[in-house]
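Residues per chain are reported as follows:
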Amino acid sequence: MSVQAMYGYRAGRPPQSQELDPMLLWPALALLLFGLVMVYSASIATAEGSRFTGYQPTYFLLRHGVFLAIGLIAAVVVFQVPLRVWQQGAPWLFLIGVALLVLVLVPFIGREVNGARRWLPLGLVNLQPSELMKLFAVLYAADYTVRKLADMGSFRRGFVPMALVMALVGGLLLREPDFGAFVVIICIAMGILFLGGINARLFAVLFLFLALAFVVLIWTSPYRRERIFGFMDPWSDAFGKGYQLSHALIAFGRGEWFGVGLGGSVEKLFYLPEAHTDFLLAVIAEELGLVGVLAVIGLFALIVQRAFAIGRQSLLLERAYGGLVAQGIGIWLGVQAFINMGVNMGLLPTKGLTLPLMSFGGSGIFANCVALAILLRVDYENRALMRGQPV
């Protein structure tokens, strides 16, 4: 059976379908808009009580709205760019990302907040290079895998070059430090290599090696070790290393089935740190209950499923780069959302990773919107190819 027949197309007859996948577009827009509402709800008390924000309750709402508008405009522009252009530019974008990661570590250039140097000040906004690096890692890893398809079974020719590049990126991220971004980018690279056909036995060995490396990184870092201990029993030091997790769990407990109502969270009133960024899901749980949390999980699951379906369709059409990019974006959004949700629910140790598409943060929202535009472009070119149109 031909690919066209598999997806319901007949020769010489255009498909009766939308240009864009509604099962991808609408859940993504729903999360973006829902995130805008919840960022305002989670941040209103913090903004109103802070001198930094000028005591303006809408401070974070307005900034997040501007970030979202810029991200959506960028997405519309990016969607017009053919996928082959991204493939040609992938190595250069990756080099730009590495340069930004180096620049953020330079004294008096990178901005340090709470002991971490992760931001480049750009006047009214701060750029977080690690967020852009996630996107660049997807584009580069897909391009690398396509170029090395014949060598995917070779440790020396297929894996070592990518491992050296990712070791460089990982070293820069750990210098900031940004362990969460490091984990996500490693998952992206390893996932794309696996989907590209890397030797299964080699992949298993590498997985065990990475697991051991993560244990060593955690054990040799006092603050990471403290986070593990706080995760194992947050109530033993509820006012110290277990503070964030204990208040996140209180928020989940108060929410029960249907929540206390939108805007009714108590934990966001200076109890739960980073309520509008890392712990946004906890506020959703408190205000909208289990129903609200399940809705968010369902929307993310749908986006990830569509990303992998679009990638599979692209691979069936012998468009390997588009397929790996689509599935790489699915890995990125799925892994980061899973880690953030796991941290909020107490299933994973506390880690500074935002909830994609929803949490406050200009760099993250921008990178997420651009990634979704590229994903939609892959689907658009798949549909065009089905119709026999040039792409």
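Calculation rules
Residues numbered from 1 in each chain as written. Predicted model: local features only at pLDDT ≥ 70, side-chain atom pairs only at ≥ 80, totals over all residues. Heavy atoms only, no water. pLDDT = per-residue confidence, 0-100. Helix = DSSP H or I, 4+ residues; strand = E, 2+ residues; numbered from the N terminus. Contact = heavy atoms within 4.5 Å. Patch = residues over 30% accessible without salt bridge, like charges linked within 9 Å, V, L, I, M, F, W, Y side chains within 5 Å. Areas by Shrake-Rupley, 256 points an atom, 1.4 Å probe, with all protein chains shown as cover. Salt bridge = Lys/Arg side-chain N within 4 Å of Asp/Glu carboxyl O. Buried < 20%, exposed > 50% of the residue type's maximum accessible area, 1.4 Å probe, protein only. Core = buried A, V, L, I, M, F, W, Y, C linked by side-chain atoms within 4.5 Å. Pairing = 2+ DSSP bridges. Axes fitted to C-alpha atoms, helices over the stretch in contact; angles between N-to-C directions. Lys, Arg positive; Asp, Glu negative; His and termini not counted. Polar contact = N/O pair within 3.5 Å; in protein donor to acceptor, adjacent residues only side chain to side chain. Parallel < 35°, antiparallel > 145°, perpendicular 65-115°, else oblique. Nonpolar A, V, L, I, M, F, W, Y, C, P; charged D, E, K, R; others polar.

1. Quick notes on the confidence of the model for the protein chain
Here the protein chain averages 88 in pLDDT, and 94% of its residues register 70 or above. Highest mean pLDDT in the protein chain belongs to helix 11 (residues 280-316) (97); lowest belongs to helix 1 (residues 3-6) (43). With pLDDT under 50 throughout, residues 1-17 is counted as low confidence; its partners more than four residues away or in other chains account for 17 contacts.

2. Observations regarding unusual backbone geometry
Here the bond from Glu 176 into Pro 177 is cis, since omega is -5°, no more than 30 degrees from zero. Positionally, Pro 177 belongs in the loop between helix 6 (155-175) and helix 7 (179-195). If you check the backbone angles, Glu 274 has positive phi at about 55° while not being a glycine. Summarising the element assignment, Glu 274 is placed in the loop between helix 10 (243-255) and helix 11. Positioned with a positive phi, Glu 318 is a non-glycine residue whose angle comes to about 60°. Along the chain, Glu 318 turns up in the loop between helix 11 and helix 12 (320-345).

3. As for a nonpolar patch on the surface
Taken together, the side chains of Trp 257, Phe 258, Leu 290, Val 291 and Leu 294 define a hydrophobic patch exposed on the protein surface, amounting to about 560 Å² of accessible area. On the secondary structure map, Trp 257 appears in the loop between helix 10 and helix 11. Looking at Trp 257, the relative accessible area reads 59%, which means it is exposed.

4. Considerations on the nonpolar core
Within the largest apolar cluster, 107 residues are counted, with the highest numbers of intra-cluster contacts made by Leu 139, Val 296, Phe 300, Met 358 and Ile 374. When sequence neighbours within four positions are dropped, the list of residues in contact with Phe 300 reads Leu 31, Ala 337, Met 341, Leu 355, Pro 356, Leu 357 and Met 358.

5. Remarks on the sheet that holds strand 2 (residues 116-122)
In any sheet, the strands associate via hydrogen bonds between backbone groups, in a parallel or an antiparallel arrangement. Judged by pairing direction, the sheet is antiparallel, and its 3 strands sit side by side in the order 1-2-3 without closing on themselves. Two strands lie at the open edges of the sheet, namely strand 1 (111-113) and strand 3 (125-127), each paired on one side alone. The sheet shows a mean angle of 50° between the axes of neighbouring strands, taken without regard to direction. Of the pairings in the sheet, the one linking strand 1 to strand 2 comprises 3 bridges and is antiparallel in character. By the bridge assignment for strand 2, Val 113 is matched with Ala 116.

6. Some points on the pattern of salt bridges
Considering all chains together, one arrives at 9 salt bridges under this definition. Measuring nitrogen to oxygen at the nearest pair gives 3.3 Å for the salt bridge that ties Glu 112 to Arg 117. Between Arg 383 and Asp 379 there is a salt bridge, with its nearest N and O atoms 2.7 Å apart. Placement of the pair is Arg 383 and Asp 379 together in helix 13 (residues 362-386), with a separation of 4 residues, close to one helical turn. Of the two residues examined, Arg 383 and Asp 379, each falls in the buried class. Three or more residues joined by partner-sharing salt bridges are found here, namely Arg 319, Arg 377 and Glu 381.

7. Quick word on the side chain of Glu 267
Inspection of the secondary structure assignment puts Glu 267 in the loop between helix 10 and helix 11. Within the buried core, Glu 267 has no salt-bridge partner, and the shortest N-O distance to an opposite charge, that of Arg 254, equals 6.2 Å. Here His 247 takes part through its side chain, which lies 2.7 Å from a polar atom of the side chain of Glu 267. If near-sequence neighbours (up to four positions away) are discounted, Glu 267 is found in contact with His 247, Ile 250, Ala 251, Leu 272 and Glu 286.

8. Quick word on the packing of helix 10 against helix 12
One can describe the packing of helix 10 onto helix 12 by two numbers: an axis separation of 7 Å at closest approach and a directional angle of 85°. It follows that helix 10 is roughly perpendicular to helix 12 by the angle criterion. Only Val 343, Asn 344 and Met 345 of helix 12 make contact with helix 10, whose side of the interface consists of Leu 245, Ala 248, Leu 249 and Phe 252. Across the contact of helix 10 with helix 12, the residue classes tally to 6 nonpolar, 1 polar and no charged.

9. Here's the deal with the pairing of strand 2
With 5 of 7 residues buried, strand 2 is to be regarded as a mostly interior element. In sequence, strand 1 turns back onto strand 2 through a hairpin of 2 residues, with Asn 114 there showing a positive phi of about 55°. In the sheet, strand 2 pairs with strand 3 via 3 bridges, with the strands oriented antiparallel. Bridge pairing in strand 3 links Leu 122 to Val 125.

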